[in-house]
Amino acid sequence: MSASKPPQPFLNSSIFTLRGSLLTLAILTLTSFTFLSLKSLRPPPQQSPQSIRDLNHGDGGGGGGEGDEGELSEVYHSAEVFRLNYKEMERRFKVYVYEDGDPETFYQTPRKLTGKYASEGYFFQNVRESRFRTKDPERADLFFIPISCHKMRGKGTSYENMTIIVLNYVESLIAKYPYWNRTLGADHFFVTCHDVGVRATEGLPFLVKNSIRVVCSPSYDVGFIPHKDVALPQVLQPFALPAGGNDLENRTNLGFWAGHRNSKIRVILARVWENDTELDISNNRISRATGHLVYQKRFYRTKFCICPGGSQVNSARITDSIHYGCVPVILSDYYDLPFNDILDWRKFAVVLREKDVYQLKQILKGISNEEFARLHYNLVKVQKHFQWNTPPINHDAFHMVLYELWLRHRVIKY
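Every chain is numbered on its own, with residues counted from 1 as its sequence reads. Local features in this predicted model are restricted to residues of pLDDT 70 or higher, and side-chain atom pairs are both shown and tallied only at a pLDDT of 80 or more, whereas totals for entire chains, interfaces and linings draw on every residue. Excluding hydrogens and water, the side-chain figures rest on all heavy atoms present in the structure.

Colleague: Talk me through the packing of aromatic side chains; I want residue IDs and the actual numbers.
Modeller: In this scheme Phe, Tyr and Trp rings, the latter by its six-membered ring, pair at centre separations within 6.5 Å, and the angle between planes marks the pair as stacked below 30 degrees, edge-to-face above 60, and tilted otherwise. Under the definition given, this model contains 30 aromatic pairs. Note on Y300 and Y324: the rings are 5.5 Å apart at their centroids and 85 degrees apart in plane angle, and the pair reads as edge-to-face. Of this pair, Y300 sits in helix α11 (residues 294-300) while Y324 sits in helix α12 (residues 317-324); the two residues are 24 residues apart in sequence, bridging distant segments of the chain. A relative accessible area of 2% places Y324 in the buried class. Ring geometry for W345 against F386: centres 5.7 Å apart, planes inclined by 75 degrees, an arrangement best described as edge-to-face. Secondary structure is summarised from DSSP: a helix means a run of H or I of at least four residues, a strand means a run of E of at least two, and numbering begins at the N terminus for each. Each residue gets one of three labels from its accessible area relative to the maximum for its type: buried under 20%, exposed over 50%, partly exposed in between, using a 1.4 Å probe on protein chains only.

Following this line, the structure appears as structure tokens:
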């Protein structure tokens, strides 16, 4: 007698339930992937008005107003990253200034706050009057070596003696305090705007290799180390005239440059274009005898101001152009532009290679009126970053240099 098969209603029910669950899971999975795919196609959220107001708060000129979100964020590589890091810097960053050295000689205080090396003087002044200074070295994130090459040159110190003075001063700090030896100087920084300031540190290999050098001559081919060292903007203050901007109808000249032929690129610029009818190129500086502030007033009437390197890769003409609302044309190779890892220079300047000098007019005329208006509008937005104040003002040149130092101090471990 064959055994009869047992009834299988439970098994059939289980199979049906399993199939239903798998079908449901598949539908949910497909729906989830579809939702995520559609979400990834959406544009990133715009910065909030509050974020933009944070960037504009306390500006030193060229601030924006409500509704500037897209325009303002455009000049930064990442406006949101800058905003958040800047706030963290304001909360936490501390700098210790060594108190050694006689202020009446080469140390501690600036020589003056005027002239083409004013940026060095302003930093020496600002760091003492800012909330970032700490008297407790144990709280410090970075240590400032307060020796002024500008003061040394002002007293007639030769380059050779300058190198010796810097060497002796830093070695005295190393012998007296424990802080340098913790990192071999990697958490120390040195500030100079004088042309020979970079060379003044050559007697200290560890200062060159490890410490942060904040300099106005940040050329890749003279020992400047990008991503460690900091480009200091050379600002000729006080400015002779008020800031320009939002005055497109007055800018009828295509391009302008006047200066000495003290570099190869300037010689070529003058030779090729000084007789051109659309580019205003002068072989020498404009004499004061021609009229009051004639040179500065040319900036107001010009769309593009040519900024070739001189005896050094940098030039105060760049910040002059920014201040007067004339779009700078950078014509200098191997130049690590100030705040280059924060600001997108191509959104408010024309950055060319030196070999482009031969096509200069064609390049400038190829920029449409709409493109020029955009560059000019963005230029006004960054003016506050290239101005020094005493006491310092939020987002001015001092705070931007500190922000660069803040970014670099975070890679130091000990």
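There is more to say after this.
Colleague: Any details on the pattern of salt bridges? Residues and values, ideally.
Modeller: Note on definitions: salt bridges are taken to be side-chain nitrogens of Lys or Arg within 4 Å of carboxyl oxygens of Asp or Glu. Counted according to the given criterion, the structure contains 18 salt bridges. Across the salt bridge formed by K176 and D100, the nearest N and O atoms sit 2.9 Å from each other. Highlighted residues: K176 in helix α7 (residues 159-176) and D100 in the loop between β1 (95-97) and α5 (118-129), separated in sequence by 76 residues. As a salt-bridge pair, D344 and K347 come within 3.6 Å of each other at their nearest N and O atoms. Take D344: its relative accessible area is 18%, and that puts it in the buried class. Connected through salt bridges with shared partners, the residues D276, E278, K361 and K365 form a single ionic network.

Colleague: Tell me about the environment of I318, and name the residues and values.
Modeller: By the element assignment, I318 lies in helix α12. Between the alpha carbons of I318 and F386 there is a distance of 9.7 Å; along the sequence they are 68 residues apart. The contact rule is simple, with two residues in contact once any of their heavy atoms fall within 4.5 Å. Here I318 is in contact with C307, I330, Y335 and W345, once residues within four sequence places are set aside.

Colleague: Describe the sheet that holds strand β3 (residues 142-144), listing the residues and the values that go with them.
Modeller: Each strand in a sheet pairs with its neighbour through backbone hydrogen bonds, running either in the same direction (parallel) or in the opposite one (antiparallel). Reading across the sheet, the six strands line up as β2-β1-β3-β4-β5-β6 and stay open at both edges, with parallel pairing between neighbours. At either margin of the open sheet sits one strand with a lone partner, and together these are β2 (133-134) and β6 (230-231). Sitting on the sheet, α5 is in contact with β1, β2, β3 and β4 (188-192), with an inclination near 135 degrees to β4. Simply put, an axis is a line fit to the C-alpha atoms, just over the touching stretch for a helix, and the angle between two N-to-C directions goes from 0 to 180 degrees. Relative to strand β5 (residues 212-215), helix α15 (residues 397-409) is tilted by about 160 degrees, and along the sheet it contacts β1, β3, β4, β5 and β6. When DSSP locates at least two bridges between a pair of strands, those strands are taken to pair.

Colleague: An account of the side chain of D396 is needed here, citing residue identities and associated values.
Modeller: By the element assignment, D396 lies in the loop between α14 (369-382) and α15. In this tally Asp and Glu are treated as negative and Lys and Arg as positive; neither His nor the chain ends contributes. Although D396 lies buried, it forms no salt bridge, and the closest oppositely charged side chain, R131, sits 9.2 Å away as judged by the N-O distance. As used in this structure description, the phrase polar contact means that two N or O atoms lie within 3.5 Å; if the pair is within protein, one of them must be able to donate a hydrogen and the other to accept it, and residues adjacent in sequence are counted only when both atoms belong to side chains. A polar contact of 2.8 Å, which involves the side chain of D396, links it to the backbone nitrogen of I393. Residues within four places of D396 in sequence aside, it is in contact with K384, H385, Q387 and N389.

Colleague: Which residues make up the packing of helix α4 (residues 79-92) against α15, and what are the values?
Modeller: Viewed as axis vectors pointing N to C, α4 and α15 meet at an angle of 90 degrees, and their least axial separation amounts to 10 Å. In terms of orientation, α4 and α15 fall into the roughly perpendicular class. Here V81, F82, N85, Y86, E88, M89 and R92 of α4 come into contact with α15, specifically with H399, M400, L402, Y403, W406 and L407. Tallied by class, the residues present in the contact of α4 with α15 amount to nine nonpolar, two polar and two charged. Every angle not falling under 35 degrees, over 145, or within 65 to 115 is termed oblique; those three ranges are roughly parallel, roughly antiparallel and roughly perpendicular. Here the term charged refers only to Asp, Glu, Lys and Arg, the term nonpolar to Ala, Val, Leu, Ile, Met, Phe, Trp, Tyr, Cys and Pro, and the term polar to all other amino acids, Gly among them.

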